[in-house]
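Descriptive analysis of the structure
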Amino acid sequence: MKKVEAIIKPFKLDEVKEALNEIGIQGITVAEVKGFGRQKGHTELYRGAEYVVDFIPKIKMEIIVGDDIVGKVVETIEQAAKTGRIGDGKIFVTPVEEVVRIRTGERGEDAL
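The rules behind the values
Residues numbered from 1 in each chain as written. Predicted model: local features only at pLDDT ≥ 70, side-chain atom pairs only at ≥ 80, totals over all residues. Heavy atoms only, no water. UniProt positions renumbered as here; feature names shortened; annotations may be inferred. Salt bridge = Lys/Arg side-chain N within 4 Å of Asp/Glu carboxyl O. Buried < 20%, exposed > 50% of the residue type's maximum accessible area, 1.4 Å probe, protein only. Helix = DSSP H or I, 4+ residues; strand = E, 2+ residues; numbered from the N terminus. Arc of directions from axis to C-beta. Contact = heavy atoms within 4.5 Å. Pairing = 2+ DSSP bridges. Axes fitted to C-alpha atoms, helices over the stretch in contact; angles between N-to-C directions.

Where an unreviewed UniProt entry is consulted, the chain appears under the name P-II family nitrogen regulator, with the organism given as Geobacter metallireducens. On record in UniProt, under Sequence similarities (unreviewed entry), the comment for the chain is "Belongs to the P(II) protein family." Quoted verbatim from the Subunit (unreviewed entry) field of UniProt, the annotation for the chain is "Homotrimer."

Below, the structure is given as structure tokens:
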């Protein structure tokens, strides 16, 4: 099993969610996060004063999937989240040793 974490632009969430739903992904955890990469923030004007916004709002998605479909999930997120501009985000894939469904006690891929 693998954990796929994707940091994407907030306005791309619905597109990514629908694309994942189309390939059969049912469970997704989503959180609003802030951060920066190469963008290094940006400057905004508020009431005549200029200030720097260091942390850009992003969406962090977490999905646990079987090894057999991890490639399809990564490809789907990449295609749905891409705008071609700086700040599109990143996708991280890490191994997952164990999953337990609390309600039933199921373990491993049965718990997904």
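Bringing the pattern of salt bridges into the picture now. The final tally for this structure, using the stated rule, is eight salt bridges. In this structure, the salt-bridge partner of R107 is E98, at a minimum N-O distance of 4.0 Å. Through salt bridges with shared partners, a single network forms among K3, E5, K60 and E62.

Among the residues of helix α1 (residues 13-22), those classed as buried are V16, A19 and L20. Seen from one end, α1 has its buried residues packed into an arc of 100°, which puts them on one side. Away from the buried face of α1 by more than 90 degrees, exposed residues N21 and E22 are located. As for α1, its buried residues are in contact with β1 (2-8), β5 (56-65) and α2 (70-81).

Right, let's talk about the sheet that holds strand β2 (residues 29-35) for a bit. Across the sheet, which stays open at both edges, the four strands sit in the order β2-β5-β1-β6 with antiparallel pairing between neighbours. Each edge of the open sheet carries a strand with a single partner, namely β2 and β6 (89-95). Across the sheet, the mean angle from the axis of one strand to that of its neighbour is 20°, orientation sign disregarded. Alignment of β2 against β5, held across seven bridges, turns out to be antiparallel. Paired with V33 across the two strands is K58, which belongs to β5. Across the sheet, α1 is in contact with β1, β2 and β5; its angle to β5 comes to roughly 10°.

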